[in-house]
Amino acid sequence: MKKYLVLFAFLIALASTVYAQKNKAILVFSKTKGFRHSSISDGKRAILELGRQQGFLVDTTEDAAMFTKKQLKKYAAVVFLSTTGDVLNSEQQSAFEQYIKSGGGYVGIHAATDTEYDWPWYGKLAGAYFSSHPAVQQATFVVRDKNHPATAFLTDSVWIHRDELYNFKDISPDIKVLLTIDESSYKGGKNGAYHPFSWYHKFEGGRAFYTSMGHTSECWKDQKFLQHLTGGIEYATGKKMKEK
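An account of the accompanying structure is given in this report. Keep in mind that what you see is a predicted model, and the values were worked out from it rather than measured. (Residues numbered from 1 in each chain as written. Predicted model: local features only at pLDDT ≥ 70, side-chain atom pairs only at ≥ 80, totals over all residues. Heavy atoms only, no water.)

This part covers the side chain of Gln137. As for its position among the elements, Gln137 is in strand 6 (residues 137-143). Residue Gln137 is classed as buried on the basis of its relative accessible area, which comes to 19%. Separated by 3.1 Å, the side chain of Gln137 and the backbone oxygen of Ala135 make a polar contact. Sequence-distant contacts of Gln137, defined by excluding residues within four places in its chain, comprise His161, Arg162, Asp163, Leu165, Tyr186 and Lys187. (Helix = DSSP H or I, 4+ residues; strand = E, 2+ residues; numbered from the N terminus. Buried < 20%, exposed > 50% of the residue type's maximum accessible area, 1.4 Å probe, protein only. Polar contact = N/O pair within 3.5 Å; in protein donor to acceptor, adjacent residues only side chain to side chain. Contact = heavy atoms within 4.5 Å.)

Right, dumping it as structure tokens:
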């Protein structure tokens, strides 16, 4: 009997280890069918380094064939790193929908909102679609919520940051906004007085985080941006947020 108890305990420990490994792994997906950002390679390197620093595994791919039920089960979250255009076919879309409905996480970075315009479900998951942008410039971002790992580290109520500043359309009313951009601080804003720029929300059983930052290579060396992104990944993978 003792032998069987030891074996049972070993199997439980092994299962727990496998579960922990799965839930510390993320998939970074960066396929493009439209404009391709030169900073994608910077983003991959930076997220791989974040994984090493924070203790989670990172796989990177541009192969949409990874979007199957079997493959996606390996990951606690899928990061859409400046994807553009129609990057998944109907079977892959279905597999990703089931992944989210089964509790998976989504992280959208920058051009992730310039993706899959003909797939309304994706637009609701991402929280909005890209509409336009002016030239890269510095702007003032207003911190709307500090009760989230993506913004809790910010000590000030504003964040001065240089990036490509997206305007959005089809903004979901269900998103929880973390950062807005002050359109009076730069030229080319078209969303008005309340212009969301980073947000999160629960969606159909899963979790979604989006930040429009990340256009320039310099962003991926900016420790404040990397801390912001790390917090978003933590949320998407299911790490409990700080209580209000």
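Having seen it, we continue.
Under the definition given, this model contains five salt bridges. For Glu62, the salt bridge goes to Lys44, with nearest N and O atoms at 3.2 Å. Placement of Glu62 in the loop between strand 2 (57-61) and helix 3 (69-72) and of Lys44 in helix 2 (residues 40-54) is noted, with a sequence separation of 18 residues between them. Arg52 is paired through a salt bridge with Glu49; the nearest N and O atoms lie 3.1 Å apart. Here Arg52 and its partner Glu49 are both found in helix 2, three residues apart, which amounts to about one turn of the helix. Here Arg52 falls in the exposed class, since its relative accessible area comes to 60%. Counted as one network, the salt bridges with shared partners bring together Arg36, Lys44 and Glu62. (Salt bridge = Lys/Arg side-chain N within 4 Å of Asp/Glu carboxyl O.)

Attention now goes to the nonpolar core. For soluble globular proteins, nonpolar side chains are generally found buried alongside one another. Ranked by internal contacts, the top residues of the largest apolar core, which has 72 residues, are Phe80, Phe96, Tyr106, Tyr122 and Trp220. Considering each element in turn, this core owes the most residues, six residues, to helix 6 (residues 223-236). With near-sequence residues (within four places) excluded, Trp220 lies in contact with Ser39, Asp42, Gly43, Ala46, Ile47, Leu81, Ile109, Gly214, Phe225, Leu226 and Leu229. (Core = buried A, V, L, I, M, F, W, Y, C linked by side-chain atoms within 4.5 Å.)

Per the stated rule, a full pass over the model turns up 23 aromatic pairs. With a centroid separation of 5.5 Å and 40° between ring planes, the pair formed by Phe80 and Tyr122 is classed as tilted. Note that Phe80 is positioned in strand 3 (residues 77-81) and Tyr122 in helix 5 (residues 120-126), a separation of 42 residues in sequence. Per residue, the accessibility class of Phe80 equals that of Tyr122, and both read buried. With a centroid separation of 5.7 Å and an interplanar angle of 25°, the aromatic rings of Trp119 and Tyr122 are classed as stacked. (Phe/Tyr/Trp six-rings, centres within 6.5 Å; stacked < 30°, edge-to-face > 60°.)

Let us look at the side chain of Asp42. Counting through the fold element by element, Asp42 comes out in helix 2. Owing to a relative accessible area of 15%, Asp42 belongs among the buried residues under this scheme. Setting aside residues no more than four positions away along its own chain, Asp42 makes contact with Ser217 and Trp220.

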